[in-house]
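Take a look at the letters that make up each chain.
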Amino acid sequence: MRDDADETVHYDKPSGGWGSVRGISLIAGKEKVSPGALDTLRRQNKPGGFMCVSCAWAKPASPHPFEFCENGAKATLWELTSRRCTPEFFAEHNVAELKTWRDYDLEQQGRLTHPMRYDHASDKYVPVSWEEAFRAIGDELRALEPKSTVFYTSGRASLETSYLWALFARLYGHNNLPDSSNMCHETTSVGLKKVIGSPVGTCVLDDFEKCDAIFFFGQNTGSNSPRFLHPLQEAKRRGCRIVTFNPVQERGLIAFTNPQSPVEMVTGKETEISDLYFQVRPSGDIAAILGMCKHVLAREERQWAERQHHLIDVDFIAQHTHDFDAFAAMVKATPWEEIERESGLARADLEAAADIYCEAKNVIGIYGMGVTQHVHGSQTIGTLINLLLLRGNIGREGAGISPVRGHSNVQGQRTVGISEKPELVPLDALKKLYGFDPPTEKGMNTVEACEGILAGRVKAFLGLGGNFVRAIPEREKMEAAWTDMRLTVQIATKLNRSHLINGQVAYLLPCLGRSEEDMQASGAQIVTMEDTMSCIHGSISRRTPASEHLLSELEIVAGIAKQTLPANPKVQWDEWVGDYAKVRDLIEATYPDEFADFNARVFTPGGFYRGNAARERVWKTESGKAEFTLPETLNASGFDDAPGRYRLITLRSNDQFNTTIYGYSDRLRGIEGTRDVLLMNREEMAKAGVAEGQVVALVSDAEDGVHREVGGLVVTPFSLPNGCVAAYYPEMNPLMPLSHHDRLSKTPAAKSVPVRIKADAR
Ligand SMILES: Nc1nc2c(c(=O)[nH]1)N[C@H]1C(S)=C(S)[C@@H](COP(=O)(O)OP(=O)(O)OC[C@H]3O[C@@H](n4cnc5c(=O)[nH]c(N)nc54)[C@H](O)[C@@H]3O)O[C@H]1N2
Ligand SMILES: Nc1nc2c(c(=O)[nH]1)N[C@H]1C(S)=C(S)[C@@H](COP(=O)(O)OP(=O)(O)OC[C@H]3O[C@@H](n4cnc5c(=O)[nH]c(N)nc54)[C@H](O)[C@@H]3O)O[C@H]1N2
Ligand SMILES: [Mo]
């Protein structure tokens, strides 16, 4: 760890503990939650209960008494607020006025209660009936060329809704199905698939009970998947070693007090999480991992010479992998000086980390956005897989690769057909089931949809959840181009910025949240999701919906589809709305291997596992084996260092869920009361000639001639590696060029954005 204790990270207490309990009660007060909300929390993430709307972390078969965390509680209470954003509210405030509000204040208006149509003349949202909304949207879609429309999804919608959303797109005639995943783990879907043949992680929860070492790259467990801290704490107590690579000293990866343990809470006893913690340079992971591989191979050579005994798993490498020799030669040829320079870490440190790797029988690799959101993020994934392959750490109990997904069903949406890539979808099965020819032309992902909107090619955007204009790069140009679209439709629970930037015809359609009862013809409905470990869970809730005018997401999708598509006896929207079990039957018919006996298994404790070929050492790659890959560069940022140029990390705080800001307390990083900060270390502050508390602007330093600027940032000393700065997402998104994305998957490279610091004129 950097030895600059005087820099921020004032918060020296472990994550969890009393701070997290206080976090929950604060949000309960702020949201003025409706009666019974706390009882709803008790049923969260348990078989027969409802599944948290926050992160995608696994739900264990034997849950804790309270199987939720501070942030899961916040997400649920956010949904169960007693505040309502009604037609009266929209009558009082026109959209121009609402645009001057903070994003936080928009969501603070509470749950949307009525379907609304945007009226250009008054610049206001006005109430509309569901029938009228569906008819008007259907009329618009029928008049448009299907391929000029985009159906976006944010990763919350259930498997049932997602399946029908994708089916609707294909029946209508396109594969333009961008997903929040395109800004998130698409690097995994493409990069991991390329090297091991699986687009998702190979670990299950049990593996965490058997592993001897865990290597963390760019995943902030304490904030973003806090329930993961429990298995980590248990692993730690068993003697499992944990090594972390992260430019930021994230509290959750340093120490944890279990808020569910009365003893720990009273005594303040904490578990140290990481044995070694390295503040790698942003985009320096390829170099760091290569350094570890170099040490592993050097030890192998020594050990073989001395004892005729292999350190690496030569049998596994021979039988299951491809291109080892080329990789080993490359590692050998890469000088330590280069590794040290690009990673920002010392050789001795990387060797110490590699020693832990060598001494552990079973190793798990974990990663998150700190890996995926880089121009060469997919190469980092490939390099990490190289390290694991050296000792056969894939396809074995207690070992494997575990990318931690973000949204609660983002992985599942891909499983059931939300994909712009037709080759990933069983089009033949769809053809057979529904009697049509599904479109075979590749659709648009998020970046391509943005390019299409900028170029005027995209005429309609339908958003199933999310806050697209806030989450994407290139904000200024995108917002300007957005209003040229003919039709924009947003299906949402709360008002956000994306609802204020409208096409010529625009609708805002409010839906039920997952924590609310979804009553249909056959009774209260179950919905399902897939967690980050490929386990499928049912979710049901009995809470009274926020408004009697809400429809479920599935009902809204069916309502629009019915008004858009010609009648087809094999497509029975009303029947499916009446009983979601019938949609699960269709999912099973489309994906018989993964979803056999779907309806019978929805409430399997811990979820049912849909399987993973790579876990069985069946490699669905080009070579039919797990691929050793040769990184083309040690610098994942995609740009060179230059005087005055910084790599900007865009951060999530502990007090937000993506574009939803719960509050202004980033407790675990010790930043309180504001998000308008620029974090940098003191050495860099001195070099740049800026002082603590000074207000500055960041400007884009991408070499594309476009001026991008965000001002009003207060310089705040913070422990970070040299050459980088950090600030919050989504506030920094105007600085991100649209073209700045992972080369393979087009995931925006939000963790190393080239910027300069400018004295702010304000
Ligand atoms: N409370 C809460 N929970 C969430 C979310 C939320 O916003 N709030 N969002 C959800 C979603 S959609 C997602 S995708 C996940 C996101 O969860 P994470 O994957 O944890 O994503 P981030 O917090 O964006 O960044 C992860 C970490 O990467 C580090 N990092 C940055 N650059 C680098 C680098 O070059 N190398 C390395 N090794 N590390 C780097 C950052 O310091 C940070 O600690 O969380 C989900 N859960
Ligand atoms: N700079 C930068 N940009 C990033 C990232 C980053 O780390 N840095 N992270 C990226 C990542 S990982 C992601 S996943 C994306 C997130 O992008 P999105 O998924 O598009 O954004 P969210 O903020 O999760 O969406 C929040 C909105 O969803 C709606 N909502 C909430 N619950 C429901 C529901 O149950 N149903 C429906 N229909 N709507 C609901 C609410 O209206 C709420 O305002 O952002 C990406 N952008
Ligand atoms: Mo995400």
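For the structure itself, consult the block above.
Residues numbered from 1 in each chain as written. Chains lettered and ligands numbered in written order. Predicted model: local features only at pLDDT ≥ 70, side-chain atom pairs only at ≥ 80, totals over all residues. Heavy atoms only, no water.

A. Broad picture of the site of ligand 2. Taken together, 32 residues lie near ligand 2, and Glu107, Tyr152, Glu553, Thr659 and Tyr729 sit nearest. Within the contact set of ligand 2, an oxygen atom lies 2.9 Å away from a side-chain nitrogen or oxygen of His407. Thr493 places a polar side-chain atom, nitrogen or oxygen, 3.4 Å from a nitrogen atom of ligand 2. The protein chains hide 97% of the 930 Å² of surface that ligand 2 would expose on its own. Looking at the shell around ligand 2 residue by residue, the class counts come to 13 nonpolar, 13 polar and six charged. (Near = heavy atom within 4 Å. Polar contact = N/O pair within 3.5 Å; in protein donor to acceptor, adjacent residues only side chain to side chain. Areas by Shrake-Rupley, 256 points an atom, 1.4 Å probe, with all protein chains shown as cover. Nonpolar A, V, L, I, M, F, W, Y, C, P; charged D, E, K, R; others polar.)

B. Local environment of the packing of helix H8 (residues 159-172) against helix H21 (residues 427-434). Here H8 crosses H21 at 80 degrees, and the two axes come no closer than 12 Å. Viewed along their axes, H8 and H21 adopt a mutual orientation that is roughly perpendicular. From H8, Tyr163, Leu167 and Arg170 reach across to H21, where they touch Leu427, Leu430, Leu433 and Tyr434. Within the contact of H8 with H21, the residues separate by chemical class into six nonpolar, no polar and one charged. (Axes fitted to C-alpha atoms, helices over the stretch in contact; angles between N-to-C directions. Helix = DSSP H or I, 4+ residues; strand = E, 2+ residues; numbered from the N terminus. Parallel < 35°, antiparallel > 145°, perpendicular 65-115°, else oblique. Contact = heavy atoms within 4.5 Å.)

C. Quick peek at the nonpolar core. Of all hydrophobic cores here, the largest spans 64 residues; its most connected members are Tyr163, Trp165, Phe168, Leu509, Ile560 and Trp573. Among the elements that make up this core, the one with the highest residue count is H8 (10 residues). What Phe168 contacts, discounting residues up to four positions off in sequence, is Leu141, Phe151, Val557, Ile560, Ala561, Thr564, Leu565 and Trp573. Ala213, Val296, Ile385 and Ala636 belong to the second largest nonpolar core, which has 56 residues in total. (Core = buried A, V, L, I, M, F, W, Y, C linked by side-chain atoms within 4.5 Å. Buried < 20%, exposed > 50% of the residue type's maximum accessible area, 1.4 Å probe, protein only.)

D. Looking closely at the packing of helix H13 (residues 285-307) against helix H19 (residues 377-390). Packing of H13 against H19 brings their axes to within 9 Å, and their N-to-C directions diverge by 20 degrees. Classed by the angle they form, the pair H13 and H19 counts as roughly parallel. In this structure, H13 meets H19 at a crossing whose hand is left-handed. Within the contact between the two elements, H13 uses Asp285, Ile286, Ile289, Leu290, Met292, Cys293, Val296 and Leu297 and H19 uses Gln379, Thr380, Thr383, Leu384, Leu387 and Leu390. Considering only residue class, the contact of H13 with H19 consists of 10 nonpolar, three polar and one charged. (Left-handed = near helix turned anticlockwise from the far one by under 90°.)

E. Spotlight on the pattern of salt bridges. Counted according to the given criterion, the structure contains 43 salt bridges. Across the salt bridge formed by Arg584 and Glu160, the nearest N and O atoms sit 2.8 Å from each other. Residue Arg584 is found in helix H27 (residues 580-590), and its partner Glu160 is found in helix H8; the two are separated by 424 residues along the sequence. Overall, the relative accessible area of 4% leaves Arg584 in the buried class. (Salt bridge = Lys/Arg side-chain N within 4 Å of Asp/Glu carboxyl O.)

F. Region of the structure containing the state of the cysteines. If you walk through the whole model with that rule in mind, you get zero disulfides. Distance from the sulfur of Cys293, which forms no disulfide, to the nearest cysteine sulfur (Cys358) is 9.9 Å. Here Cys293 falls in the buried class, since its relative accessible area comes to 0%. (Disulfide = S-S within 2.5 Å.)

G. Highlighting the sheet that holds strand S22 (residues 608-609). Spatially, three strands are ordered S20-S21-S22 in an open sheet, and the strand pairing comes out antiparallel. Looking at strand neighbours, the two that pair on one side only are strand S20 (527-530) and S22, the edges of this open sheet. Note that S20 and strand S21 (residues 535-539) share four bridges and pair antiparallel. Across the sheet, Glu530 pairs through a bridge with Ile536, a residue of S21. Along the sheet, H8 contacts S20 and S21; its crossing angle with S20, the most-contacted strand, is approximately 85 degrees. (Pairing = 2+ DSSP bridges.)

H. Representation of the site of ligand 1. Close contacts around ligand 1 come from 30 residues, with Asn220, Glu250, Asp285, Gln656 and Asn658 the closest. A distance of 2.7 Å is found between an oxygen atom of ligand 1 and a side-chain nitrogen or oxygen belonging to Asn246. For ligand 1, an oxygen atom lies 2.8 Å from a polar atom in the backbone of Ser283. For ligand 1, the protein covers 99% of the area, taking 910 Å² as the surface of the free molecule. Of all elements in the fold, only helix H10 (221-224), helix H18 (369-372) and strand S25 (656-657) reach the threshold of two or more residues within the shell around ligand 1.

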